[in-house]
2 protein chains.
Amino acid sequence: MTGAGAFPSGKAYAELLEHFRQSALLRSTAALLAWDQEVLMPAAAVTYRSRQVAQLAAMIHHRLVDSTVGERLAICRHDHAITADPDGDEAVNLRQWQRAYDRAVRLPVSLVEQLAKSSTVAKAHWAEAKRHDDFGRFAPHLAELLALSRDKAACLGTPDGGEPWDALADGFEPGMTAARLTTIFEPLALRLQTLVDRYDGCLDDGLERFGAIDTAAMARFVRTVAARLGFDFKRGRLDTSAHPFCSTFNGDDVRMTTRFVSSHPLEPLFSTMHEAGHGIYNQGLPAEHWGTPRGSSVSYAIHESQSRLWENLVGRSPAFWQWLVPEAGRMGVGALMARPVSEMVAAANAVRRSLIRVEADETTYNLHIIVRFELERALIGGDLEADDLPAAWAQQYRDRLGVAPPDAATGCLQDIHWSQAAFGYFPSYALGNLYAAQFYLAAQTQMPDLESDIAGGRFEPLRAWLNETVHMPGMTWDAETLCRRVTGRPLSAEPFVTCLAAKLEQIYGAR
Amino acid sequence: MTGAGAFPSGKAYAELLEHFRQSALLRSTAALLAWDQEVLMPAAAVTYRSRQVAQLAAMIHHRLVDSTVGERLAICRHDHAITADPDGDEAVNLRQWQRAYDRAVRLPVSLVEQLAKSSTVAKAHWAEAKRHDDFGRFAPHLAELLALSRDKAACLGTPDGGEPWDALADGFEPGMTAARLTTIFEPLALRLQTLVDRYDGCLDDGLERFGAIDTAAMARFVRTVAARLGFDFKRGRLDTSAHPFCSTFNGDDVRMTTRFVSSHPLEPLFSTMHEAGHGIYNQGLPAEHWGTPRGSSVSYAIHESQSRLWENLVGRSPAFWQWLVPEAGRMGVGALMARPVSEMVAAANAVRRSLIRVEADETTYNLHIIVRFELERALIGGDLEADDLPAAWAQQYRDRLGVAPPDAATGCLQDIHWSQAAFGYFPSYALGNLYAAQFYLAAQTQMPDLESDIAGGRFEPLRAWLNETVHMPGMTWDAETLCRRVTGRPLSAEPFVTCLAAKLEQIYGAR
């Protein structure tokens, strides 16, 4: 290998582009394997599927740590013409490729492969354990994933006196640390606990009062709503799975799932609006940059901001229900919404100490996340072992939410994440709530008609605004920079808490 | 590279085994991409999907022509301990790996990749062209696939004075040639045309008289039948697609499809029994040999023999309907079968000159295949071009079946195969019919209770017999050797025609 003179940086960049696009293609195939496992795959095929997944994970990793990648990155890094404008497409791509490369070369391929294989198997055992409320079935798999994840954190390392958890979270939220999150989460928790104390029990019951409805009718209904928000079904699907999620193979193939729970008849609406927020983001990324950082989403928190914005800021607003309630009959779910708008809004925002994160209201939701964040830190840091998780979980729920799970199924087995070794992911949900509130405030400021548009069922202006400000830039800026550019303010929990407190007071009165 | 002394053949064999198993794993992922495209994928994603498919096709090809494969094969070939018993697992695998390697090294990777990409795109255009009855939409894609396939045939070459078509057919039916098929097909065609002349119009109408039935009820019914035949739904699925097929990723994940056509209410039953025959074969291969020839199906004709056996020899037999008709009410399709058994059997075996292969009766079916075989020979041999296909198709149908298609949708656009560049495949269907009759005759001889078992809904003895004689040996023997071992006779059209003629006379009387 010779220097830039013999190997012009333009050629090196073009080769990197093709190389990473091929890797993205392979990742999209791996994403189909994962989607299929959740939605369709026969249960008996899980062991075999784990080998398919591990094979692609190893290939993707090998491609990333290929020695030519490091050499070409070095050539490009020293070419001022490419990197002069830090917001230029090439500079954005090079920065992120370098980051991915630097992380990947620290991980042995055997660890990457083992994590892919173990988590594919663990996911299936988690589902079984949850179904049978039997933590013991999952515990050995969790212990294995934990050991592998601790190894991974050790390999990645944490500069500047951080803790092991930081190294894993950095994969989801670049630069975020446990210490920084604590400064955001602790005051937020206090404010939220005050709101919970004030509004818990403000209604005798919530949305579950609206008796069950035919699943087929509900499925048509949520599909109609998702399409109305702007999700393009010509370039996507909506299916069902145990845990709703959104998977993207390409902007032309974005697949979300929902689920139908008889005890919570409106959950499919909110989970579909949530996943549609993810889907609209993925369908709205710049197609010409597909497979590169410039055409990718910023971070998991920014992704979550889009789902939360549609689910909570839009979906739980009085304006939205002003549109939806009169439309419900035409949408085949009239029986579900034969109540005044005010009653529907009150039910959609009912505050209650609860056990299940994905069914939690907007006020308690972040407390569920803070519980998981604390437990993750302890698990990855070595202060908590897999077997002790149920007890620690119950203690955290008593402390933070004032409730205790009666069993593991509604306790530490409720979420899929740790069964996929996605340690470090949960805080992105809470950060997503914070960013969502900041973005929505900015949208309200810049679009005076926003509320009346929503009350009229016109969602296109909001979708277009989000597309222009948040989706189309791809990874041009990091999450916090994007936040400052769009909202004029740094990341803060203040807009979220202020808006929420105001909404609750508007609905339930000062208490 | 040194000789066997420095690199023991045991090690070389183990490395080949691991290498080919990894390739099989990758092929199974490619199969999921193809399955998903037919069953679920959003239409807009086809271009993108073609790139995913081409990427894996290229990888699989690269792995096959890897220079280490040839070197290791050479080492093993000269080790008498491995190859002494030609029916031993190692010898079987080495023989087939060598065959695959010898074929693959003749093909440039660019051609393999282009064929994968073009056929993925062409498949989508074929579906559109068929839907709109517009051959012009498909013609340029067919022309492209034809050019690539002629290139492929030229690269593969045809020893011993064969014709280009032989080189492609060899990929489906090793050793089969157009010349050989002609000696089987021409006398078969004459015998079948005699039967068609005798029995065409023996009924005013066939199965379509049994008015339409609720699709959901029909779907449950065919699922029940498939399970009863022996298809294991814990290790498989049944979905719907435009063209029924069976896809196997692994013995634990076998997926078949059916379709519901209002004009042919019983078609889903026969297409499901057909695909279940494929599925039962795939689920019945020896799991410990998965990913190797020893654990793979013999050839496309043998695969087809299993689907035909269940669809026609079982599914159109009087005994089967003796079981099914009284059961129909309990299976939720009583309205469809409120007729005497004899009437159902007569309808299921009605002989009619028809346009559509997949709806054809047992008597005309092979004539549909012979039409396609002649057209393929001409297309690949350069005697026929894509644009001239509709006219040539109509002429063949007039000559062979005495009917002419009114449009392309019911003519040359009806089948998916050529849109996947699967030239050389069709004859396997006819050979499958012949093998099926031979196997079934052998089963009848060896199992005196077979007919009464079927009339009692007991299919397990037949499934177990097929599993032992046909499925478990994998590729230990080639198709014709397997046929001789199981039936005591060489491949012949005689048992098929004799059984068919006897059945028709039994049902409709001598005419």
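Residues numbered from 1 in each chain as written. Chains lettered and ligands numbered in written order. Predicted model: local features only at pLDDT ≥ 70, side-chain atom pairs only at ≥ 80, totals over all residues.

**Some points on the overall build of chain A**
Check the secondary structure of chain A and you find 21 helices and three strands. What you see for chain A is a C-alpha radius of gyration of 23 Å, in line with the 24 Å of a compact globule of 511 residues. Its C-alpha atoms give chain A principal-axis dimensions of about 75 × 50 × 45 Å. Buried residues in chain A amount to 49% of all 511 residues. Contacts spanning at least 24 positions in sequence make up 73% of the contacts within chain A whose residues lie at least 6 apart. (Helix = DSSP H or I, 4+ residues; strand = E, 2+ residues; numbered from the N terminus. Rg over C-alpha atoms; globule rule 2.2 N^0.38 Å. Buried ≥ 20, exposed ≤ 12 C-beta atoms within 10 Å, placed from the backbone. Contact = placed C-beta atoms within 7 Å.)

**Examining the pairing of strand 2 (residues 246-250) of chain A**
Residues and elements named next belong to chain A. Burial analysis of strand 2 places five of its five residues in the buried class, the great majority of the element. Bridge count for strand 2 against strand 3 (residues 253-258) is four bridges, and the pairing is antiparallel. Residue pairing across strands places Cys-246 opposite Met-256, the latter belonging to strand 3. In textbook terms, the turn of a hairpin is the stretch between consecutive antiparallel strands, and for strand 2 and strand 3 this stretch comprises two residues. (Pairing = 2+ DSSP bridges.)

**Remarks on helix 10 (residues 215-229) of chain A**
Residues and elements named next belong to chain A. In this model helix 10 runs 21 Å from its N-terminal to its C-terminal C-alpha over 15 residues, within 8% of the 21 Å that 1.5 Å per residue would give. For helix 10, the secondary structure elements touched by its buried residues are strand 1 (236-240), strand 3, helix 11 (267-284), helix 12 (300-314) and helix 19 (460-471). Immediately beyond the C-terminal end of helix 10, within one or two residues, lies Gly-230, with a positive phi of roughly 130°. (Expected span 1.5 Å × (residues − 1).)

**A short note on the relation of the copies chain B and chain A**
Of the transformation superimposing chain B on chain A, the axial component is 0.0 Å and the angular component is 180°, with the fit at an RMSD of 0.0 Å. Overall, the copies show the geometry of a two-fold rotation axis. With an isologous cut-off of 70% or more, the 100% of interface residues of chain B that recur at the interface of chain A puts this contact in the isologous class. (Least-squares fit on C-alpha atoms with pLDDT ≥ 70 in both.)

**Re unusual backbone geometry**
All names here are of chain A. The backbone of Asp-133 shows a phi angle near 45°, a positive value even though the residue is not glycine. Counting through the fold element by element, Asp-133 comes out in the loop between helix 6 (109-131) and helix 7 (135-156). Despite not being glycine, Ala-421 shows a phi value in the positive range, around 60°. Looking at the secondary structure, you find Ala-421 in the loop between helix 16 (389-401) and helix 17 (427-446). What makes Ala-421 buried here is the crowd of 23 C-beta atoms within 10 Å.

**Considerations on the sheet that holds strand 2 of chain A**
Adjacent strands of a sheet form backbone hydrogen bonds with each other and so pair up, either parallel or antiparallel. Residue and element names in this part refer to chain A. The strand order 1-3-2 describes an open sheet built from three strands, whose pairing is mixed. Across the chains shown, the open sheet's two edge strands, defined by having one partner strand only, are strand 1 and strand 2. Across this sheet, the average inter-strand angle for adjacent strands is 20°, counted without regard to direction. The sheet contact formed by strand 1 and strand 3 spans five bridges and is parallel. Across the sheet, the residue bridging to Gly-236 is Val-254, located in strand 3. (Axes fitted to C-alpha atoms, helices over the stretch in contact; angles between N-to-C directions.)

**Comments concerning helix 7 (residues 135-156) of chain B**
All names here are of chain B. Under the 1.5 Å per step criterion, the end-to-end length of helix 7 is 30 Å for 22 residues, consistent within 8% with the ideal 32 Å. For helix 7, every residue scored as buried is listed here: Phe-135, Phe-138, His-141, Leu-142, Leu-145, Leu-146, Ser-149, Lys-152 and Ala-153. Against helix 6 (109-131), helix 8 (164-169), helix 15 (362-381) and helix 16 (389-401) lie the buried residues of helix 7. Trailing helix 7 by a residue or two, Gly-157 shows a phi angle of about 75°, which is positive.

**A few points about the pairing of strand 3 of chain A**
Moving residue by residue along a regular strand, the side chains alternate between the two faces of the sheet. Along strand 3 of chain A, six of the six residues are buried, which leaves the element largely enclosed by surrounding structure. Where burial is concerned, the two faces of strand 3 of chain A agree: the one with Asp253(A), Arg255(A) and Thr257(A) and the one with Val254(A), Met256(A) and Thr258(A) are both buried.

**Concerning the interface of chain B and chain A**
Contacts between chain B and chain A engage 26 residues on the former and 26 residues on the latter. Those elements that place two or more of their residues in the side of chain B that touches chain A are helix 1 (9-39), helix 2 (46-65) and strand 1 (236-240) of chain B. Considering only residue class, the side of chain B that touches chain A consists of 12 nonpolar, seven polar and seven charged. (Nonpolar A, V, L, I, M, F, W, Y, C, P; charged D, E, K, R; others polar.)

**Observations concerning the sheet that holds strand 2 (residues 246-250) of chain B**
Residues and elements named next belong to chain B. The strand order 1-3-2 describes an open sheet built from three strands, whose pairing is mixed. Edge positions in the open sheet fall to strand 1 and strand 2, since each of these has one partner strand only. With direction set aside, neighbouring strand axes in the sheet form an average angle of 20°. Strand contacts of helix 1: strand 1, strand 2 and strand 3 (253-258), with the helix running at about 145° to strand 2, the strand carrying the most contacts.

**Observations regarding the environment of Tyr48(B)**
Mapped onto the fold, Tyr48(B) is located in helix 2. A tally of 23 C-beta atoms within 10 Å means that Tyr48(B) is categorised as buried. C-alpha of Tyr48(B) to C-alpha of Lys117(B): the two residues are 69 residues apart in sequence and 9.8 Å apart in space. Not counting chain neighbours up to four residues away, the residues in contact with Tyr48(B) comprise Asn250(A), Asp252(A) and Asp253(A).

**Observations regarding the packing of helix 12 (residues 300-314) of chain B against helix 17 (residues 427-446) of chain B**
Residue and element names in this part refer to chain B. Direction vectors running N to C along helix 12 and helix 17 enclose 65°, while the axes themselves pass 7 Å from each other. Between helix 12 and helix 17 the crossing geometry is right-handed. Contact residues: helix 12 offers Tyr-300, Ala-301, Ile-302, Glu-304, Ser-305, Ser-307, Arg-308, Leu-309, Asn-312 and Leu-313, while helix 17 offers Ser-428, Tyr-429, Leu-431, Gly-432, Asn-433, Tyr-435, Ala-436, Ala-437, Phe-439 and Tyr-440. Grouping the amino acids of the contact of helix 12 with helix 17 by side-chain chemistry returns 12 nonpolar, six polar and two charged. (Left-handed = near helix turned anticlockwise from the far one by under 90°.)

**Describing the packing of helix 11 (residues 267-284) of chain B against helix 12 of chain B**
Residues and elements named next belong to chain B. The N-to-C vectors of helix 11 and helix 12 enclose an angle of 135°; their axes lie 7 Å apart at closest approach. Overall, the two elements helix 11 and helix 12 adopt an arrangement that is oblique. Handedness of the crossing formed by helix 11 with helix 12: right-handed. Residues Phe-270, Met-273, His-274, Glu-275, Ala-276, Gly-277, His-278, Ile-280 and Tyr-281 of helix 11 lie in contact with helix 12, whose contacting residues are His-303, Gln-306, Ser-307, Arg-308, Leu-309, Trp-310 and Glu-311. Considering only residue class, the contact of helix 11 with helix 12 consists of seven nonpolar, six polar and three charged. (Parallel < 35°, antiparallel > 145°, perpendicular 65-115°, else oblique.)

**Regarding the confidence of the model for chain A**
Residue and element names in this part refer to chain A. Residues of chain A with pLDDT of at least 70 account for 97%, and the chain-wide mean is 93. Every residue in residues 1-6 is under pLDDT 50, and counting partners more than four places away or in other chains gives six contacts. Across the assembled chains, the prediction reports ipTM 0.87 with pTM 0.88. (pLDDT = per-residue confidence, 0-100.)

**A look at the environment of His264(B)**
Within the secondary structure, His264(B) sits in the loop between strand 3 and helix 11. Residues His264(B) and Pro286(B) lie 22 residues apart in sequence; the distance between their C-alpha atoms is 37 Å.

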